[in-house]
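Close look at the chain arrangement
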Amino acid sequence: MMPGPGSIWRRWAVLALPYAWLLLFFLVPFVIVFKISLADQQIGVPPYTPFLARDDGGWHIQASAANYLFLLSDSLYFRAYLNSLRFTAVATTICLLIGYPMAYAIARAPGAWRTRLLLLVILPFWTSFLIRVYAWIGLLKENGVINNALLAMGLIHAPLPLINNAFSVQIGLVYSYLPYMILPLYATLEKLDWTLLEAAADLGARPWRAFWSVTLPLSLPGVAAGALLVFIPMVGEFVIPDLLGGPDNLMIGKVLWDEFFTNHDWPLAAAVAVAMLALLLLPISVIRRRLAKGVA
Amino acid sequence: MKRLSPLLLVMLVLGYAFLYGPIASVVVYSFNASRLVTVWAGFSVHWYGELLRNDQIQDAALTSLSIALMSATGSLVLGTLAGYGLARFARFRGRGLFAVLTASPLIMPEVITGLSLLLLFVALERATGWPNGRGMFTITLAHITLGLSYVAVVVAARLESFDISLEEAALDLGARPFKVFRVITLPLIAPALAAGWLLAFTLSVDDLVIASFTTGPAATTLPMVIFSSVRMGVSPQINALATLILLLVAVLVIGASRLIVPKKNGAAARTPG
């Protein structure tokens, strides 16, 4: 379409509202978070010291890196950080190991089945996240479904410690984010040119060999998209470590929540958010180029 | 089409068992007569009756539904504009920033979005007196921001899947831009609009974290009630509630998929992927 004389005006008629909305409700809030992360907690409304303060001399800026220094000095935060990274890395890998064969099988299924199988993957992803995490409490707890079944079968004599530990957090993460992994993998595998595999077979490659040297390399963009898509929100996960984890399995998202809701330390919570964002900046910048390209 | 190998078939069956097993256990135990959630004491619909008498849950459900209705509709309007802009305007000042802003809420951890929106509302109220207090209104604003992104992505993907020449032809024939949008574009993207609205609605109904940050003392949503009661321990009433929610979602999603997934004979009208 040629950009006619009226078209700039028309463009901004379309764009002005969503652009202004996103600037106000997505970009400006980050600036405020950063500003408040430099403040101090105080008793009052709001519970943080103002950025600009007035004393006998005039206006001056009150900002300090004290919250960040505190995050570095208390090992609780550092451990929560490491936990988040470790849990997320392991869960992303397991999601990939379960999700890849599933996506592959769906992509190779007969046409009529493909839609149905895909719908079955999407369905739990639309149901309440909270309820899916809650379901695991009933399964894993001390007198839960799994322990009761194992006891009844005589396989164990005392309940296994299945919940409020690293194991249950890991299961919760894999379970909740598996559909996010399968969908981009499927999208890539579905477009794959299967005649390449036939060519490899004709040239004498065994199925596994063909998979390793043809299918897997060609599906790497889907692997990358899926991994990034689950990694970023998982790092900040709150509900799963809160409901399924124990005191030793803190993740950074739960630390932020507790600082805010339990300790009412807004500036420290803001500093945790900034620190988390710094950790996620690299994966976000990779995926945002991908997303921007996908949208564009 | 070749048949699936036995190994793949086994992986598929195990994968679906993993996805649906926990959900099935919630549904089964919602019909348990015993108060102890995990001891089976016979079939009963007792907990569904309790649920009907639980005013707190019903109020929260009503709050959640009204927030979801408003925010999904707001997301639809803003997200359609954003998706249309991204798909149809190849170049404009600030396009890069706009694309990033549109996509980012999709992947941002909820605790960060929630905290940053709350701090914005507090700062705005101190500076301008608006929004006066926090509750349903501020949750709705927050959910519109989240839903906008989902709608924009779905709408942009749909717009890119069909040929722009249809719109250009109408323009060449002298139709005004808004009429082209109404007569040509809108019917073509209608399935994406339905999917986007539904997605935004579901996200809003389901959200615990962002709503907890942005609410005030006046508004309690359904996920907040579920969360605080789950923190106390597993409760049979929550199982019953979960089953009802699952049923509702299944009906909605399967209904929507009929709308969105092409029928066999209508498939020719659509361009694949």
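Computed from a predicted model, the values in this text were never measured in an experiment. (Residues numbered from 1 in each chain as written. Chains lettered and ligands numbered in written order. Predicted model: local features only at pLDDT ≥ 70, side-chain atom pairs only at ≥ 80, totals over all residues.)

**So, the overall build of chain B**
Which entries qualify depends on this criterion: Counting from the N terminus, the helices are the DSSP runs of H or I reaching at least four residues and the strands are the DSSP runs of E reaching at least two. Exposure in this text rests on C-beta crowding, where 20 or more other C-beta atoms within 10 Å of a residue's own make it buried, 12 or fewer make it exposed, and counts in between make it partly exposed. The C-beta atoms are placed from the backbone.
Of the regular secondary structure elements, chain B holds 11 helices and 0 strands. When the helices and strands of chain B are read in sequence order from the N terminus, they spell out α-α-α-α-α-α-α-α-α-α-α. Out of the 273 residues belonging to chain B, those deemed buried represent 44%.

**As for the interface of chain A and chain B**
In many reports, interface size means the accessible area that the parts give up when they come together. Rules: Distance between backbone-placed C-beta atoms decides contact: two residues are in contact if it is within 7 Å. When residues are sorted by character, Ala, Val, Leu, Ile, Met, Phe, Trp, Tyr, Cys and Pro go into the nonpolar class, Asp, Glu, Lys and Arg into the charged class, and all the rest, Gly among them, into the polar class.
Across the boundary between the two partners, chain A contributes 78 residues, which contact 70 residues of chain B. Residue contributions to the side of chain A that touches chain B peak at 18 residues, all from helix α1 (residues 7-37) of chain A. A per-class count over the side of chain A that touches chain B returns 63 nonpolar, 9 polar and 6 charged.

**Things to note about unusual backbone geometry**
Both trends apply: most residues other than glycine have a negative phi, and most peptide bonds are in trans. In this model, Trp130(B) is joined to Pro131(B) through a cis peptide bond whose omega is -5°. Residue position: Pro131(B) is located in the loop between α5 (110-128) and α6 (136-161). A positive phi angle, near 50°, is found at His264(A), a position not held by glycine. Within the element layout of this structure, His264(A) appears in the loop between α11 (252-261) and α12 (266-295).

**Considering the packing of helix α3 (residues 75-108) of chain A against helix α1 (residues 6-30) of chain B**
The angle between the axes and the distance between the axes are what describe a pair of packed helices. Rules: In this description, a line fitted to the C-alpha atoms serves as the axis of each element, helices being fitted only across the stretch in contact, and the angle between N-to-C directions of two axes falls anywhere from 0 to 180 degrees. What makes a crossing left-handed is the near helix being turned counterclockwise from the far one by less than a right angle; a clockwise turn instead makes it right-handed.
Two elements in contact, α3(A) and α1(B), have axes whose closest approach is 9 Å; the angle formed by their N-to-C orientations is 115°. Considering how the two elements wind past one another, α3(A) and α1(B) form a crossing that is left-handed. Residues Ile98(A), Pro101(A), Met102(A), Tyr104(A) and Ala105(A) of α3(A) form the contact with α1(B), whose participating residues are Leu8(B), Met11(B), Leu12(B) and Gly15(B). Of the residues assigned to the contact of α3(A) with α1(B), the class counts are 8 nonpolar, 1 polar and no charged.

**Digging into the pairing of strand β2 (residues 58-61) of chain A**
Test applied: Each pair of strands is called paired provided DSSP finds at least two bridges between the two strands.
Taken together, the 4 bridges between strand β1 (residues 52-55) of chain A and β2(A) define a ladder with antiparallel strand orientation. Note on β2(A): the bridge partner recorded for Arg54(A) is Trp59(A).

**Notes on the confidence of the model for chain B**
All names here are of chain B. Applied cut-off: pLDDT expresses, on a scale from 0 to 100, how confident the predictor is about each individual residue.
Scored by pLDDT, chain B has a mean of 87; 92% of the residues are at 70 or more. For chain B, per-element mean pLDDT is lowest for helix α11 (residues 236-260), which scores 82, and highest for helix α9 (residues 209-214), which scores 97. Ignoring residues within four places in sequence, the model shows residues 263-273, a span with pLDDT below 50, making 5 contacts including any to other chains. Our summary of model confidence lists the complex with pTM equal to 0.90 and ipTM equal to 0.89.

**Structural notes on the environment of Ile226(B)**
Along the polypeptide, Ile226(B) turns up in helix α10 (residues 222-232). A count of 23 C-beta atoms within 10 Å places Ile226(B) in the buried class. Taking the C-alpha atoms as reference, Ile226(B) lies 33 Å from Met11(B); in sequence the two are 215 residues apart. Discounting residues that sit within four places of it in the chain, Ile226(B) has contacts with Leu130(A) and Ile238(B).

**Describing the packing of helix α3 (residues 55-88) of chain B against α6(B)**
All names here are of chain B. The cut-off we apply is this: Each angle receives one of four descriptions, namely roughly parallel if under 35 degrees, roughly antiparallel if over 145, roughly perpendicular if within 65 to 115, and oblique otherwise.
α6 packs onto α3 with a crossing angle of 40° between their chain directions and a minimal axis gap of 5 Å. Regarding the angle of α3 to α6, the classification is oblique. Helix-helix and strand crossings are classified by hand; for α3 and α6 the assignment is right-handed. Considered class by class, the residues forming the contact of α3 with α6 number 20 nonpolar, 11 polar and 2 charged.

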